[in-house]
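Understanding the architecture of this molecule
The residues making up each chain are set out below.
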Amino acid sequence: PVLPPPRYYFLFGQPVDMAALDAADTRAAAHAYASVRAALESDIAWLLERRQHDPHAGFAERAAYEAASNWARQAPAFPIV
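Residues numbered from 1 in each chain as written. Predicted model: local features only at pLDDT ≥ 70, side-chain atom pairs only at ≥ 80, totals over all residues. Heavy atoms only, no water.

Let us now look at the overall build of the protein. Of regular secondary structure, the protein possesses 2 helices and 0 strands. Since a compact globule built from 81 residues should have a radius of gyration of about 12 Å, the 19 Å found for the protein marks it as more spread out than a globular shape. For the protein, the spread of C-alpha atoms along the three principal axes comes to 60 × 25 × 20 Å. Relative to its 81 residues, the protein shows a buried fraction of 15%. Sequence separation of 24 or more characterises 52% of the internal contacts of the protein that already satisfy a separation of 6 or more. (Helix = DSSP H or I, 4+ residues; strand = E, 2+ residues; numbered from the N terminus. Rg over C-alpha atoms; globule rule 2.2 N^0.38 Å. Buried < 20%, exposed > 50% of the residue type's maximum accessible area, 1.4 Å probe, protein only. Contact = heavy atoms within 4.5 Å.)

In structure tokens form, the structure reads like this:
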């Protein structure tokens, strides 16, 4: 049988203001790139760690939880802190 895909995890990080960045200033652009990359890598690491502790990450766990409520409740994800 073909099972549905595992859960997808999303995290929207802090907005990055690039209005003051001069595109011709390669040093400033490199610094902005490094800052954005570090923030993105940190957010991805956080999501991967949280995914490991999601009690309903697998299809079977989610289906059992949701079937127990006659499909009236969606299985929760990890708590956001």
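A separate point is the pattern of salt bridges. Between side chains of opposite charge, pairing is possible as soon as their charged atoms come close. All chains considered together, the criterion is met by 2 salt bridges. Here Arg37 and Glu41 are joined by a salt bridge, their closest N and O atoms 2.9 Å apart. Remark: Glu41 and Arg37 occur in helix α1 (residues 26-52); sequence separation between them is 4 residues, near one turn of the helix. By relative accessible area, Glu41 is classed as partly exposed at 43%. (Salt bridge = Lys/Arg side-chain N within 4 Å of Asp/Glu carboxyl O.)

On the surface, a cluster of nonpolar side chains totalling about 290 Å² of accessible area is made up of Val16, Met18, Leu21 and Val36. Checked against the element boundaries, Val16 lands in the segment before α1. With a relative accessible area of 49%, Val16 lands in the partly exposed category. (Patch = residues over 30% accessible without salt bridge, like charges linked within 9 Å, V, L, I, M, F, W, Y side chains within 5 Å. Areas by Shrake-Rupley, 256 points an atom, 1.4 Å probe, with all protein chains shown as cover.)

Take the side chain of Ser69 next. Within the fold, Ser69 resides in the segment after α2 (59-68). On the accessibility criterion, Ser69 (16% relative accessible area) is buried.

As for its position among the elements, Pro55 is in the loop between α1 and α2. We classify Pro55 as exposed; its relative accessible area is 53%.

A separate point is unusual backbone geometry. One non-glycine residue, Asn70, lies in the positive phi region at around 60°. Turning to its location among the elements, Asn70 is positioned in the segment after α2. For Asn70, a relative accessible area of 64% corresponds to the exposed category. Of note in the backbone geometry, Trp71 takes a positive phi value of approximately 65° without being a glycine. When you line up the elements, Trp71 lands in the segment after α2. With relative accessibility at 56%, the residue Trp71 sits in the exposed group.

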